[in-house]
Amino acid sequence: MSLSVDIRHQFPGLDLNVAFEAPTGVTALFGPSGCGKSTTVNAIAGLMRPDSGRIVLDGRALYDSDRRIDLPPQARRIGCVFQDARLFPHMTVAANLRYPARFRKGAARDFDRIVEMLALGPLLNRRPSTLSGGERQRTAIGRALLSDPQLLIMDEPLAALDDARKEEIMPWLERLRDEVQLPILYVSHSVAEVLRLATTVVLMQKGRVAHSGPLTQILADPELAPQLGAREAGALITGTVEAREADGMVRVATSAGPLLLADLDAQPGQMLRLRILAHEIILSREAPVGLSALNVLPATVTAVSDGLVQLKLGDQKALAQVTPRSVEVLGLTPGTPCFAVIKSVAMARS
Ligand SMILES: Nc1ncnc2c1ncn2[C@@H]1O[C@H](COP(=O)(O)OP(=O)(O)OP(=O)(O)O)[C@@H](O)[C@H]1O
C-alpha cells in the first residue's frame, strides 16, 4: 500500500507545491513552522481542497483536478489523529472506538485486536474527561484504526503531552509502525520523534519538498542531515542482538562488526535500531590501542563536507563530526580506510 501526492495550492503566505510518495511504514513530514505540513495533510484528508494536482491512495484517486475527482473525507478511508484527541466527551471509550463502524460496515471486526494492541481494555467504560492525555491519544489512535483505514494521518499527535506522557505513548506508536501494514503520515517538529519512529522522511521548506527518502539515507548525508538538526545527525544502524556477555553488556551484530551496549533490555535474535550521533564518533587512521571505548569498527571515508565526514560502516552509512584541522591532519579523503571509535551507542528510542 502506498500514498502518492502531487499538489499545488496558494494561500496569501504560502505557495505550496509538493510531491512525494509515502510507502508502508511511518513517513515523517518534517520542516519549520509554516512550511505547509498541516496544509498538505489536510488536503490529503479531504479537509481542504488544493488548487490542483493528484492524491492517489493504493491506486485509488482521492483527488484529481484534471479528472474532477474530489472524494469527501469519509470516503477516503483515512484515519486521522490530531494534537487534541477530539473524542466525543459524552461517550465512553468503547462508544468512541465503535463510532467509525457506524459508517463503515465490517470496521468493528478488529475491535478486540486493536483494544488489545493499545491496551485499552481497562479504559473501555471510562469517559474521555477521566483519562490522562496519553490515554486519550491512545483512544484516538484506536478509533482511527477502527475506521478500517488505508492510511493513517497523525498531525503532531504528541505535541500536547508532557515528556512523561510522550514517553508513555511512544512504544505504542512503534508497535503501530511495526504491526500495522499501512502508510502512516506523521507530522512533527520533533527530531527525537522522527528519529525514533520514521522509516521515510519528507523534508519540507517553504511549501516545497527539499528532499524525501529513507531516514537512514538522510541521516548519513552530510548535506541533508543538518536539516534534521546537526547534533542529531549520525547514523541509524540496524543490528541483531547476539548474546548477553558475562559482565551484562549486550553484543549486537551489525554489518560493520559487533557493538557492545550497556543497560539494554533485549533478547537474542531481536532486531534493534541503534542511533550513533555524529559527535560521538572519533576517527583514527590506525587501529587504536589502549582506549577505554569498547566499540571500534573499521570504516571507509566516502565523503567530506563542512566538518562532517561520511563513512561506510559495513553496508550502512554514518556521519562523524570532525574538525577541519583533523580532516587535514588525518588526510581524510574519499576512499581513506580508517577506524570509527564510537563513544556511545543508544537504542533509537533514547
Ligand atoms: N486556511 C488558510 N487560509 C490562509 N492561509 C492559511 C490557511 N491555512 C494555512 N495558511 C497559511 O499557510 C502557511 C502554512 O501553514 P501550515 O499550517 O500548513 O504550516 P505547518 O508547516 O503545518 O506549520 P506548523 O508547524 O506551525 O503547524 C501559514 O503561513 C499559514 O498562515
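Reading guide: rules and limits
Residues numbered from 1 in each chain as written. Predicted model: local features only at pLDDT ≥ 70, side-chain atom pairs only at ≥ 80, totals over all residues. Helix = DSSP H or I, 4+ residues; strand = E, 2+ residues; numbered from the N terminus. Rg over C-alpha atoms; globule rule 2.2 N^0.38 Å. Buried ≥ 20, exposed ≤ 12 C-beta atoms within 10 Å, placed from the backbone. Contact = placed C-beta atoms within 7 Å. Near = placed C-beta within 6 Å. Domains from an automatic or database assignment. Pairing = 2+ DSSP bridges. Axes fitted to C-alpha atoms, helices over the stretch in contact; angles between N-to-C directions. Core = buried A, V, L, I, M, F, W, Y, C linked by C-beta atoms within 7 Å. pLDDT = per-residue confidence, 0-100. Parallel < 35°, antiparallel > 145°, perpendicular 65-115°, else oblique. Left-handed = near helix turned anticlockwise from the far one by under 90°. Nonpolar A, V, L, I, M, F, W, Y, C, P; charged D, E, K, R; others polar.

Engineer: Account for the overall build of the chain, with residues named and values stated.
Structural biologist: A tally of regular secondary structure across the chain gives eight helices and 21 strands. Over its C-alpha atoms the chain spans a radius of gyration of 22 Å, differing by no more than 12% from the 20 Å that the globule rule assigns to 350 residues. For the C-alpha atoms alone, the extent of the chain along its principal axes is close to 65 × 50 × 35 Å. Burial statistics for the chain: of 350 residues in total, 39% are counted as buried. Pairs at least 24 residues apart make up 68% of the contacts formed inside the chain by residues separated by at least 6 positions.

Engineer: Describe in detail unusual backbone geometry, supporting the description with residues and values.
Structural biologist: Most peptide bonds are trans, and most residues other than glycine sit at a negative phi. The backbone phi angle of alanine 119 is positive, close to 50 degrees, even though this residue is not glycine. Counting through the fold element by element, alanine 119 comes out in the loop between helix 3 (111-117) and helix 4 (133-145). The backbone phi angle of aspartate 148 is positive, close to 55 degrees, even though this residue is not glycine. Inspection of the secondary structure assignment puts aspartate 148 in the loop between helix 4 and strand 8 (151-155). Aspartate 148 sits in the partly exposed class, given 17 other C-beta atoms within 10 Å.

Engineer: Go over the site of the ligand with me, naming the residues and quoting the values.
Structural biologist: Taken together, 13 residues form the shell around the ligand, and within it Phe11, Leu14, Ser33, Ser38 and Thr39 come nearest. Looking at which element gives the most residues to the shell around the ligand, the answer is helix 1 (residues 37-45), with three residues.

Engineer: How would you sum up the domain arrangement of the chain? Please name residues and give values.
Structural biologist: Size of an interface, as often reported, equals the accessible area lost when the parts are brought together. Domains assigned within the chain are domain 1 (3-216) and domain 2 (234-347). One C-alpha centre belongs to domain 1, the other to domain 2, and the line joining them spans 34 Å.

Engineer: Describe the sheet that holds strand 16 (residues 281-284), listing the residues and the values that go with them.
Structural biologist: One open sheet accounts for five strands, arranged 16-20-17-18-19; its pairing is antiparallel. In this open sheet, the two edge strands, each paired with only one partner strand, are strand 16 and strand 19 (316-321). Between one strand axis and the next, the sheet turns through 45 degrees on average, direction left out of account. Two strands pair when backbone bridges link them, and strand 17 (residues 295-305) and strand 20 (residues 337-342) are joined in this way by six bridges, in the antiparallel orientation. Bridged to asparagine 295 within strand 20 is isoleucine 342.

Engineer: Kindly report on the pairing of strand 11 (residues 208-214), identifying the contributing residues and their values.
Structural biologist: Note: strand 10 (residues 200-205) against strand 11, six bridges, orientation antiparallel. What sits directly across from methionine 204, in strand 11, is valine 209. Once strand 10 ends, the chain turns through two residues before running back antiparallel as strand 11, passing lysine 206 with a positive phi of about 45 degrees.

Engineer: Account for the nonpolar core, with residues named and values stated.
Structural biologist: Ala28, Ile153, Leu185 and Ala320 are the most contacted members of the largest nonpolar core, which totals 92 residues. With residues up to four places along the chain from it excluded, the contact list for isoleucine 153 reads Val41, Ile44, Ala45, Ile78, Cys80 and Leu185.

Engineer: I'd like to hear about the pairing of strand 2 (residues 14-22), residue by residue, with values.
Structural biologist: Bridge count between strand 1 (residues 3-11) and strand 2: nine bridges; the pairing is antiparallel. The residue bridging glutamine 10 from the neighbouring strand is aspartate 15, located in strand 2.

Engineer: With reference to specific residues and values, describe helix 1.
Structural biologist: Helix 1 sits mainly inside the fold: seven of its nine residues count as buried. Burial in helix 1 covers these residues: Lys37, Thr39, Thr40, Val41, Ala43, Ile44 and Ala45.

Engineer: Can you tell me about the confidence of the model for the chain, naming the residues and giving the values?
Structural biologist: Per-residue confidence for the chain gives a mean pLDDT of 87, with 96% of residues at or over 70. The ipTM for the predicted assembly is 0.95, set against a pTM of 0.80.

Engineer: Please give an account of the packing of helix 4 against helix 5 (residues 163-179) that cites residues and values.
Structural biologist: Helices that pack against each other are described as a pair by the angle of their axes relative to one another and the distance between those axes. Across the interface, helix 4 lies against helix 5 with an axial gap of 9 Å and an inter-helix angle of 20 degrees. As summarised for this structure, helix 4 and helix 5 are arranged roughly parallel, according to the angle between their axes. Taken as a pair, helix 4 and helix 5 cross one another with a handedness that is right-handed. Across from Gly133, Gly134, Gln137, Arg138 and Ile141 in helix 4, the residues of helix 5 making contact are Arg165, Glu168, Ile169, Trp172 and Leu176. Looking at the contact of helix 4 with helix 5 residue by residue, the classes come out as four nonpolar, three polar and three charged.

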